[in-house]
Amino acid sequence: MTPISHAEQSKAIEVKSIVSVDPITAILSKNGWIKFIKGHDQDISKLTFKTGDEYMSHTESYTDKSLMFMDQLGFVYNLDATKISVSRGSGDPLSKFFLIQDGINLIGMNMLDQQSSVLSMTANGYGLISLYDDMIVKNKKGKTLLKTKESNACSSITVDLDKDTHYLLITSDGYMLVSDLSVVPILSKGRGIKLIN
């Protein structure tokens with residue numbers, strides 16, 4: 001007397017949140033403040049900063065990408081994409097997110113992307129290339145990436161190892177060098193090699 005049904009069993013409906021991926025520009029000030037504005041190709045010259053502060057650098061990114069920062073001691077820090085928001089005003093001090101040593105300044109900012117690497121160097125000309133996995137940091141204190149010895153980290157540049165073939169450096173005395181990017185070692189951390197005398 002029981003009717004037999006061959007209908008498929010019901011399945012739970014999976015609810016997924018849709019997060020839009022939008023282009024943003026991250027602006028870093030010399031005093032360590034970070035501000036985000038919508039879109040790319042922004043006129044940075046029109047930005048204003050707090051009294052005593054000024055523009056340091058900017059990078060074009062996306063709302064689903066985290067950012068990597070490097071300080072003078074060669075430590076790296078990550079700002080997770082979930083903490084990135086476009087807002088009015090001067091933005092936020094990075095001390096809100098990281099524990100940076102007193103008197104130490106940030107020297108660079110790069111978008112964390114699996115397709116990109118970072119060429120970082122010290123003021124005395126040593127440098128190395130870091131891959132995506134080596135730039136990931138879990139804690140607020142950061143981690144050592146570039147060993148500076150008696151110098152300071154001075155630059156971190158995003159490079160695409162599939163496209164970029166050379167690097168160009170200019171010293172404070174005005175000497176310039178163009179060299180093959182393939183000679184720069186890829187290291188998880190370290191001092192690297194002498195890129196320029």
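The structure under discussion appears in the preceding block.
The model shown is predicted, which means the values in this text are computed figures rather than measured ones. (Residues numbered from 1 in each chain as written. Predicted model: local features only at pLDDT ≥ 70, side-chain atom pairs only at ≥ 80, totals over all residues. Heavy atoms only, no water.)

Student: I'm lost on empty space enclosed by the protein in this one. Help?
Tutor: With a probe scaled to a water molecule rolled over the atoms, the places where space remains empty come into view. On inspection of all chains with the given rule, the structure shows two cavities of 30 Å³ or more. Along its surface, the largest cavity is lined by I27, S29, W33, I34, K35, T48, F49, K50, D53 and S90. Every element with two or more residues in the lining of the largest cavity is listed here: strand 1 (23-29) and strand 2 (33-38). Looking at the lining of the largest cavity element by element, the count peaks at three residues for strand 2. Of the residues assigned to the lining of the largest cavity, the class counts are four nonpolar, three polar and three charged. In this structure, the second largest cavity occupies an estimated 60 Å³ of space. Lining of the second largest cavity is provided by I34, K35, F36, K83, S85, S87, G91, D92 and F97. The leading source of residues in the lining of the second largest cavity is strand 2, at three residues. Looking at the lining of the second largest cavity residue by residue, the class counts come to three nonpolar, three polar and three charged. (1 Å grid on protein atoms, 1.4 Å probe; cavity = no way out; pocket = protein on both sides within 12 Å on 5 of 7 lines; lining within 4 Å. Points joined across faces, edges and corners; volume = space filled by probe spheres on them. Helix = DSSP H or I, 4+ residues; strand = E, 2+ residues; numbered from the N terminus. Nonpolar A, V, L, I, M, F, W, Y, C, P; charged D, E, K, R; others polar.)

Student: Please clarify how the sheet that holds strand 14 (residues 193-194) should be interpreted in this entry.
Tutor: The strands that make up a sheet pair up through hydrogen bonds in the backbone, lying either parallel or antiparallel. Spatially, the four strands line up as an open sheet ordered 11-8-9-14, and their pairing is antiparallel. With one partner strand each, in any of the chains shown, strand 11 (153-159) and strand 14 form the two edges of the open sheet. As paired elements, strand 8 (residues 117-122) and strand 9 (residues 126-130) share four bridges and run antiparallel to each other. Residue pairing across strands places S120 opposite L128, the latter belonging to strand 9. (Pairing = 2+ DSSP bridges.)

Student: Could you clarify how one ought to interpret a nonpolar patch on the surface in this entry?
Tutor: On the surface, a cluster of nonpolar side chains totalling about 430 Å² of accessible area is made up of L168, I170, M176 and V178. Elements with a contribution of two residues or more to the nonpolar patch: strand 12 (166-170) and strand 13 (176-180). With respect to the helices and strands, the residue L168 is situated in strand 12. (Patch = residues over 30% accessible without salt bridge, like charges linked within 9 Å, V, L, I, M, F, W, Y side chains within 5 Å. Areas by Shrake-Rupley, 256 points an atom, 1.4 Å probe, with all protein chains shown as cover. Salt bridge = Lys/Arg side-chain N within 4 Å of Asp/Glu carboxyl O.)

Student: Can you help me understand the pairing of strand 4 (residues 67-71) in this one?
Tutor: For a regular strand, the rule is simple: side chains alternate between the two faces of the sheet. Across the five residues that make up strand 4, a large majority, five, are buried. Burial of the side chains of strand 4 extends over both faces: L67, F69 and D71 are buried on one face and M68 and M70 on the other. The antiparallel hairpin formed by strand 4 and strand 5 (residues 75-79) contains three residues in its connecting segment, where G74 sits at a positive phi of about 85°. As paired strands, strand 4 and strand 7 (residues 106-111) are joined by five bridges and run antiparallel to one another. The partner of D71 across the bridge, within strand 7, is L106. (Buried < 20%, exposed > 50% of the residue type's maximum accessible area, 1.4 Å probe, protein only.)

Student: Got a minute to help me understand the sheet that holds strand 6 (residues 92-93) in this structure?
Tutor: Pairing within the open sheet is antiparallel, and its four strands lie in the order 3-1-2-6. Of all strands in the sheet, those with a lone pairing partner are strand 3 (55-62) and strand 6, marking the two edges. Pairing geometry for strand 2 and strand 6, over two bridges, is antiparallel. Among the inter-strand pairings, I34 is bridged to a residue of strand 6, identified as D92.

Student: How should unusual backbone geometry be read in this particular structure?
Tutor: Peptide bonds are, in most cases, trans, and in most cases residues other than glycine have a negative phi. At D41, a position not held by glycine, the phi torsion is positive, near 55°. Of note, D41 is situated in the loop between strand 2 and strand 3. A positive phi angle is found at K149, which is not glycine, with a value near 55°. Mapped onto the fold, K149 is located in the loop between strand 10 (143-144) and strand 11.

Geometry only, nothing functional implied.
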